[in-house]
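Observations on the three-dimensional arrangement
Here is what each chain is made of, one letter per residue.
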Amino acid sequence: MHERDRVWIERRAAWCAEQFGAPPQTPALPGFAPRDAAGPAQERAEDLVRRVAAVMGADVPALRVRLVDPTPAAPPRTWHQVGEYRAEPEGPVIDLDRTVAARPDTFAALIAHELAHARLDGEGRLDGLDLSDTEEERLTDLVAVHLGMGVLTANAADNYTRTAGYSVTPLGGLTDWMLTGRRDEPPRRLGYLTPAEHGYALTCWTLLRAEPHPPWAHHLVPSVRTALAQGLAYRAARGN
């Protein structure tokens, strides 16, 4: 990882702590999203939104949740939107691709990104910040980490790198898109933080908690767990 990316993550992680206070005592871990929940899909989605909101401290009573069907992209576009947060005259709303719900923890990660937008945009916390669209989306990923969803979002970043992922566009939209690479096996990613950057974001998060040996690290997928270990070693060698 480039040093400027480490510096940016450290600076914005500190900003998150100033804005939102101390992080949760424990992160949400794999299995957080029920895999055998009964009931209509809409009710299950709304319940998971409430679960994630409870972890992230998001105020969701007025938030409307809409499950939407994926819209195939027309060539030459290679992405489709799987989630979006926005304000409407009737109140805030998030659209969630119903096909992602088949992977509960990934669905929770998608919801976490959208609720991070709700906490940033909906609470006016971006006022006065001079951020590019990309920086805003990267900050949104960091907010999800700071507010306790980082293990799931980091694992999803890696899983989507290897399978069929999504990325983010400005204004809270999540998209499934193809990055450059082999035509027969295109690499993909979740969000604007790579798995390695998620690992360093979790490094900053666990050090904010004075937890240099996080007991939950074994729940991370190997690429992120390695990045976390490297980040902790780097910070220990640096003395902070």
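Residues numbered from 1 in each chain as written. Predicted model: local features only at pLDDT ≥ 70, side-chain atom pairs only at ≥ 80, totals over all residues. Heavy atoms only, no water.

**So, the overall build of the protein chain**
Helix and strand content of the protein chain: six helices and five strands. Its helices and strands taken in sequence order, the protein chain reads α-α-β-β-β-α-α-β-β-α-α from the N to the C terminus. Relative to its full complement of 240 residues, the protein chain shows a buried share of 50%. Excluding contacts between residues fewer than 6 apart, the proportion of contacts in the protein chain whose partners are at least 24 apart in sequence is 72%. Roughly 11,300 Å² of accessible area belongs to the protein chain as shown, and the carbon and sulfur atoms make up 54% of that amount. (Helix = DSSP H or I, 4+ residues; strand = E, 2+ residues; numbered from the N terminus. Buried < 20%, exposed > 50% of the residue type's maximum accessible area, 1.4 Å probe, protein only. Contact = heavy atoms within 4.5 Å. Areas by Shrake-Rupley, 256 points an atom, 1.4 Å probe, with all protein chains shown as cover.)

**Structural notes on the pattern of salt bridges**
Counted under the stated rule, the structure contains 18 salt bridges. In this structure, the salt-bridge partner of R138 is D5, at a minimum N-O distance of 4.0 Å. Pair noted here: R138 is in helix α4 (residues 133-162) and D5 is in helix α1 (residues 3-20), with a separation of 133 residues, a long-range link. Taking relative accessible area as the criterion, R138 reaches 11% and is therefore assigned buried. Notably, a salt bridge pairs E10 with R235, separated by 4.0 Å at the nearest N-O pair. With E10 in helix α1 and R235 in helix α6 (residues 222-238), this pair connects stretches of sequence that are 225 residues apart. Accessibility expressed as a relative area gives 12% for R235, which makes it buried. The network of salt bridges with common partners includes R64, R66, E84, R86, E88, E90 and D95. (Salt bridge = Lys/Arg side-chain N within 4 Å of Asp/Glu carboxyl O.)

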